[in-house]
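# Topology and contacts: notes
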Amino acid sequence: MIGFAKRIATLIIVLVIMAYALDAIYTAIYNSASPRTKTQYVMQLNKTSYDAIFMGSSRVENHIKTKVFKDNDLKAINLGMSGANLNENLLTLKLLIDKGVTAQKIFIQMDHNFENEAISKGVTASFLPFINDSVVASHYKQQLDSYWVNKNIPFYRYAVNDAKIGLREITMNIFGKKPRVPLDDGYIPLLNSMKQGSYNLPNQVSDVNKIYNKIEKLKSDNNLNIIYFTAPFCENTKNINYFDELKEKHIPELHDYSRLFNDDNMFDGCGHLNDKGAEKFTNKILGDFYGKK
Amino acid sequence: MLFNSIDFAVFLPIVFLLYWFVVQKSLKYQNLFLVVVSYLFYGWWDYRFLALILFSSALDYVIGLKLSKTDSRSKRRLLLTTSILVNIGFLGFFKYYNFFVDNFVEAFSLFGKSLEVNTLKIILPVGISFYTFQTLSYTIDVYRKKLKPTNDWISFFAFVCFFPQLVAGPIERATNLLPQFYKKRVFNKDMALDGTRLIIWGLFKKMVIADSCAVYVNSIWDNYETLDSLTLVLGAVYFAFQIYGDFSGYSDIAIGTSKLLGFNLMRNFNYPYFSRDIAEFWRRWHISLSTWFRDYVYIPLGGSRGNKYQQVRNVFVIFLVSGFWHGANWTFIAWGFLNALYFLPLLLTNRNRKNLSTVTNNLSVRDLLSMLATFSLTVFAWVFFRSDTIQDAFQFIKRVFDFENFKLISSLSIERYSMELLLLVIFFIVIEWRHRDYEHPFQENKYLNIKLFTIILLTLILGVYSNHLEFIYFQF
């Protein structure tokens, strides 16, 4: 039995050493490689200044055509992340503050994500390589059920999120494979035209959203110029007056563009603009907030 | 609890330590302990079905004893029939009730009659297909006087519910496993080490090979209508490795776990994809099930004796029943039927026992072509096994052979793997080929530590942990 125990102990020690080594290697690569994701890009930002920063979900990522800003000599970045909830926007905001990134205006998409306080599993995975960062750690400590194992068990987070931050992604980081879009731009166009889409919004607004309250607190503590806006939906959207209620109940300063377009040719799907619609929408934002036409 | 779960990773060491340090002094306590932990293991899935396995165990235990107390042929037949009817009855009800109802209704609709028959929301008890056959092997062998019935109910219950092989085999014979419960197990270091290494190999097969292939296979099958021929062929090949890695991986973990506790289970897979003909394939694939059907169905029907009609009949019965055992769907029956068609020519020309030894290193072109041909036939049959309906299977195959649909570069791209998966599968084939004279790669002592650590490393970095996939054969 002692001989057996020694062999098992050897295997366990080897396993633990491998886990620690792999964790260190993966983390070092994510921290130092040329960024391939917006999360990596944000983590590597340092004292940069923008005219406009956009944050939200795919309804920002596919809607704000940053080139339009550049063509008008304005420095803008699209930090919209597909699948991101308000929770991830809050974390991104905290990181930007921590890294000394400033912006004349910070646009945060606000739509029915107001009903959701939870973290997004997919986007959270992209932040996990940086769980030792104090801002990331403090953000997830109270919110991530598996926080302790992700923080303390070496390599656990990479194994469990292998599809997002596992071997394939690490290999692409090592070989410097370029990201899908330039990350200093961040806009991903959708190219189809919708045919007969529809969307259902909730029929009432929640009484409270703690994440929104935390964003508001950050706004006042750091004197940030945060602008809440709602990107367009197609005409066939049920309960579109959700945003009227949202404005009335919680965000009177909400810039509601939900009914901006009634032409289905502007949309890829009922909740997402195509490239043509995104360009028009971005120009609208530019005009409304920067006086540019 | 799944073998590749944190729950099992905690459960097994606790069981191991208690088994060898607390209860090891007494055979009775060893067996009783195994009964308790096995029921705990089974109840973890769904405690409601504990009653079912308890009842099956109690019934066959009693029937075994009654068989020993009578020489009356009619009484013995009645007892055996009772065991078969009750066990198969439970299996039939839980597994096939809705299938028969749906097909009954559909058959009537062909004649223009609609029937209002309700199907039931039946949950299939995990492992019922396996432990039912295991207990039946006991009553049949006792009936045949090949085995003395036991009056030690603890040993018998432990034999039926033994947790490493309870939910997905190997389907053990009472003649092999039950006697191992009559003797106190003494810790054997070599056996335990071999078991540990087999568990590691099984985890690699499941978490790296099977689950990586599964990601592609699921995506291909969900979108087959829009994919090109080559991608579909690749999907079918990946499924062949998914099901092999999954099932043989599970068996390895089951056998390895048993070795840790001092038990020897039968081997369930013997490198089936290196078979040179279908008969050899069926001697190497799911050995416990195929031998069960051979001994308890095929041979009683006459086997390969009798006239040609009887031989043909027996082959079709065995493969159709085997297909049906896998699930209540015509696709499994079609899979079985195809395998019967493959097997028949070999049987009728007396070539079904041609390749009895493992293929050698001096691989002839003929052997290589035979292996590829056999593999292709099995992959073709796997399309039916994997598809949800017969129509889907035929549509899938039709698209494969639609040459307008052929593109040299696969149109499928999935985030996780494309060419890497193909390389991984090839790597796996090379490892298995290299070690085909052993039960697993770690039985060869050459470079043992390097092999072990490499496989552990590969399991860490290539294993699919994010999408916790159940073992395929749990659904049977």
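Owing to the predicted nature of the structure, the values given are computational and were not obtained by experimental measurement. (Residues numbered from 1 in each chain as written. Chains lettered and ligands numbered in written order. Predicted model: local features only at pLDDT ≥ 70, side-chain atom pairs only at ≥ 80, totals over all residues. Heavy atoms only, no water.)

## Details of the overall build of chain A
To be explicit about the condition: Helix and strand assignments follow DSSP, with helices taken as H or I runs no shorter than four residues and strands as E runs no shorter than two, numbered in order from the N terminus. With C-alpha atoms as the basis for the radius of gyration, the globule rule is written as 2.2 Å multiplied by the number of residues raised to the power 0.38. Exposure classes here rest on a 1.4 Å probe applied to the protein chains alone. A residue is buried below 20% of its type maximum, exposed above 50%, and partly exposed in between.
Per the secondary structure count, chain A includes 14 helices and 9 strands. Rg of the C-alpha trace for chain A: 21 Å, near the compact-globule value of 19 Å for 293 residues, within the 12% margin. By its C-alpha atoms, chain A is 75 × 45 × 40 Å across when sized along the principal axes. Within chain A, the proportion of its 293 residues that are buried is 54%.

## Re the layout of surface pockets
As a reminder of what qualifies: Put simply, the grid is 1 Å and covers the protein atoms alone, a cavity is a trapped set of points that fit a 1.4 Å probe, a pocket is an open set with protein on both sides within 12 Å along at least five of seven lines, and lining residues have an atom within 4 Å of a point. Grid points are joined across faces, edges and corners, and a volume is the space filled by probe spheres set on the points. Residues are grouped as follows: Ala, Val, Leu, Ile, Met, Phe, Trp, Tyr, Cys and Pro are nonpolar; Asp, Glu, Lys and Arg are charged; all remaining types, including Gly, are polar.
The calculated volume of the largest pocket comes to roughly 1,700 Å³. Surrounding the largest pocket, 44 residues form its lining, Ile12(A), Leu15(A), Ser5(B), Ala9(B) and Leu203(B) being those nearest its centre. Broken down by secondary-structure element, the contributors of at least two residues to the lining of the largest pocket are α1 (2–32) and α9 (156–160) of chain A together with α1 (6–21), α9 (189–222), α10 (229–260) and α18 (448–462) of chain B. Per element, the largest residue contribution to the lining of the largest pocket is 9 residues, and it comes from α1(B). Of the residues that constitute the lining of the largest pocket, the class distribution is 37 nonpolar, 6 polar and 1 charged.

## So, unusual backbone geometry
Residue Gly169(B) is joined to Pro170(B) through a cis peptide bond whose omega torsion reads 5°. By the element assignment, Pro170(B) lies in the loop between α7 (163–166) and α8 (174–177). In the Ramachandran plot, Phe155(A) falls in the positive-phi region, its phi being about 75° despite a non-glycine side chain. Inspection of the secondary structure puts Phe155(A) in the loop between α8 (147–152) and α9. Notably, Asn223(A) is not glycine yet its phi reads approximately 55°, a positive angle. Within the element layout of this structure, Asn223(A) appears in the loop between α12 (210–221) and β5 (226–230). Take Asn223(A): its relative accessible area is 70%, and that puts it in the exposed class.

## Thoughts on empty space enclosed by the protein
Residues and elements named next belong to chain B. Tallying each qualifying case throughout the model produces 4 cavities of 30 Å³ or more. Its volume calculated, the largest cavity comes out at about 120 Å³. Lys 205, Asp 252, Arg 267, Phe 269 and Glu 439 are, among the 13 residues lining the largest cavity, the residues nearest its centre. Per-element tally for the lining of the largest cavity: the top contributor is α10, with 4 residues. Grouping the constituent residues of the lining of the largest cavity by class yields 6 nonpolar, 2 polar and 5 charged.

## Comments concerning the interface of chain A and chain B
For clarity, the cut-off: Here, residues are in contact when the closest pair of their heavy atoms is within 4.5 Å. By buried area we mean the combined loss of accessible area, with a 1.4 Å probe, across both parts when two parts are placed together. Salt bridges are counted wherever a side-chain nitrogen of Lys or Arg sits within 4 Å of a carboxyl oxygen of Asp or Glu. In the analysis that follows, any N or O atom pair within 3.5 Å is treated as a polar contact, provided that within protein one partner can donate a hydrogen and the other can accept it, and provided that, for residues neighboring in sequence, both atoms belong to side chains.
Taken residue by residue, the interface counts 21 residues in chain A and 30 residues in chain B. Summed over both partners, the interface of chain A with chain B buries about 2,100 Å², with 72% contributed by carbon and sulfur atoms. At the junction of chain A and chain B, the tally comes to 1 salt bridge. We note a salt bridge from Arg168(A) to Glu420(B), for which the minimum N-O separation is 3.0 Å. Along the contact surface separating chain A from chain B lie 2 residue pairs in polar contact (both at pLDDT 80 or more). At 11 residues, the largest contribution of residues to the side of chain A that touches chain B is made by α1(A). Split into classes, the residues belonging to the side of chain A that touches chain B amount to 15 nonpolar, 2 polar and 4 charged.

## Section: the pattern of salt bridges
A full pass over the atoms with the stated rule returns 29 salt bridges over all chains. In this structure, Asp111(A) and Arg59(A) form a salt bridge, with 2.7 Å as the shortest nitrogen-oxygen distance. Of the two residues, Asp111(A) sits in the loop between β3 (102–109) and α6 (121–127) while Arg59(A) sits in helix α3 (residues 58–61), which places them 52 residues apart along the sequence. The two residues Asp111(A) and Arg59(A) agree in class, both being buried. One salt bridge in this structure joins Arg284(B) and Glu280(B), with 3.0 Å as the shortest N-O distance. With Arg284(B) and Glu280(B) both in helix α11 (residues 278–284) and 4 residues apart, the pair spans about one turn of that helix. We note that Arg284(B), like Glu280(B), is buried. When salt bridges with common partners are traced through the structure, they connect Lys65(A), Asp275(A) and Glu279(A) into a single cluster.

## Things to note about the nonpolar core
Definition in use: Grouping buried Ala, Val, Leu, Ile, Met, Phe, Trp, Tyr and Cys residues that are joined through side-chain atoms within 4.5 Å yields what is termed a nonpolar core.
Tyr273(B) and Trp382(B) are the most contacted members of the largest nonpolar core, which totals 213 residues. Once you skip the residues sitting within four places of it in the chain, Tyr273(B) turns out to touch Ala240(B), Phe241(B), Ile243(B), Tyr244(B), Phe281(B), Trp285(B), Phe375(B), Thr378(B) and Trp382(B). In this structure, Ala52(A), Ile227(A), Phe267(A) and Ile285(A) belong to the second largest nonpolar core, which totals 25 residues.

## A few points about the packing of helix α5 (residues 128–143) of chain B against helix α12 (residues 287–301) of chain B
Residues and elements named next belong to chain B. Quick note on the threshold: Axis geometry follows a simple rule: fit a line to the C-alpha atoms, using only the stretch in contact for helices, then measure angles between N-to-C directions, giving values from 0 to 180 degrees. Under this scheme an angle from 65 to 115 degrees is roughly perpendicular, one under 35 degrees roughly parallel, and one over 145 degrees roughly antiparallel; angles in between are oblique. For any pair of crossing helices, the crossing counts as left-handed if the nearer helix is rotated counterclockwise from the farther one by less than a right angle, and right-handed if it is rotated clockwise.
Where α5 meets α12, the axes come as close as 12 Å, and the angle between the chain directions of the two elements is 30°. Taken as axis vectors, α5 and α12 run roughly parallel relative to one another. As α5 runs across α12, the sense of the crossing is left-handed. Counting all contacts with α5, which are made through Phe 133, Leu 136, Ser 137, Ile 140 and Asp 141, the residues of α12 involved are Leu 289, Trp 292, Phe 293 and Tyr 296. Considered class by class, the residues forming the contact of α5 with α12 number 7 nonpolar, 1 polar and 1 charged.

## Some thoughts on the pairing of strand β1 (residues 49–55) of chain A
Residue and element names in this part refer to chain A. Condition: DSSP calls a pair of strands paired once it identifies at least 2 bridges connecting them.
Of all the 7 residues making up β1, 6 are buried; the element is thus mostly covered by neighbouring parts of the structure. As defined by bridge partners, β1 adjoins β3 across 6 bridges and the pair is classed as parallel. Each residue of the ladder has a partner; that of Tyr 50, found in β3, is Ala 103. Pairing geometry for β1 and strand β2 (residues 76–78), over 3 bridges, is parallel. Of the residues in β2, the one forming a bridge with Ala 52 is Ala 76.

## Quick notes on α9(B)
Structural remark: α-helix, 3.6 residues per turn; residues separated by three or four positions point the same way. Residue and element names in this part refer to chain B. Rule in force here: Given a helix with a known number of residues, its expected span is that number minus one, times 1.5 Å. Bend at a residue means the angle formed by two fitted axes: the first through the 7 residues ending at that position, the second through the 7 residues beginning there.
A rise of 1.5 Å per residue sets the reference length of α9, with its 34 residues, at 50 Å; its end C-alpha atoms lie 47 Å apart and thus fit the reference within 8%. Maximal helix bending in α9 amounts to about 30°, located at Ala 210. The buried fraction of α9 is high, at 27 of 34 residues. For α9, the N-terminal cap is Asn 188; the gap from its side-chain oxygen to the backbone nitrogen of Asp 190 is 3.0 Å.

## A short note on the confidence of the model for chain B
Here is the rule: You can read pLDDT as the predictor saying how much it trusts each residue, on a scale of 0 to 100.
The pLDDT averaged across chain B works out to 89; a share of 93% of its residues lies at or above 70. In the predicted assembly, ipTM is 0.85 and pTM is 0.89.

## Topic: the environment of Ser304(B)
All names here are of chain B. Among the secondary structure elements, Ser 304 is positioned in the loop between α12 and α13 (308–326). When the C-alpha positions of Ser 304 and Val 315 are compared, they lie 8.4 Å apart, and in sequence the two are 11 residues distant. What Ser 304 contacts, discounting residues up to four positions off in sequence, is Tyr 298, Gln 311 and Leu 347.

## Brief notes about the environment of Lys105(A)
All names here are of chain A. Its location among the elements puts Lys 105 in strand β3. The buried category is assigned to Lys 105, whose relative accessible area is 13%. Setting aside chain neighbours within four positions, we find Lys 105 in contact with Asp 51, Ala 52, Ile 53, Asn 225, Ile 227, Phe 289 and Tyr 290. Within the structure, the side chain of Lys 105 is placed 3.1 Å from the side chain of Gln 104, a separation counted as a polar contact.

## Overview of the state of the cysteines
Residues and elements named next belong to chain A. How we decide: The rule for a disulfide is simple: a pair of cysteine sulfur atoms within 2.5 Å.
As enumerated under the stated definition, the model contains 1 disulfide over all chains in all. Each sulfur in the disulfide pair Cys 234 and Cys 270 lies 1.8 Å from the other. In this structure, the disulfide formed by Cys 234 and Cys 270 twists by about -75° around the S-S bond and is classed as left-handed. Within this pair, whereas Cys 234 is found in the loop between β5 and β6 (237–238), its partner Cys 270 is found in the loop between β8 (267–269) and β9 (272–273), the two being separated by 36 residues in sequence.

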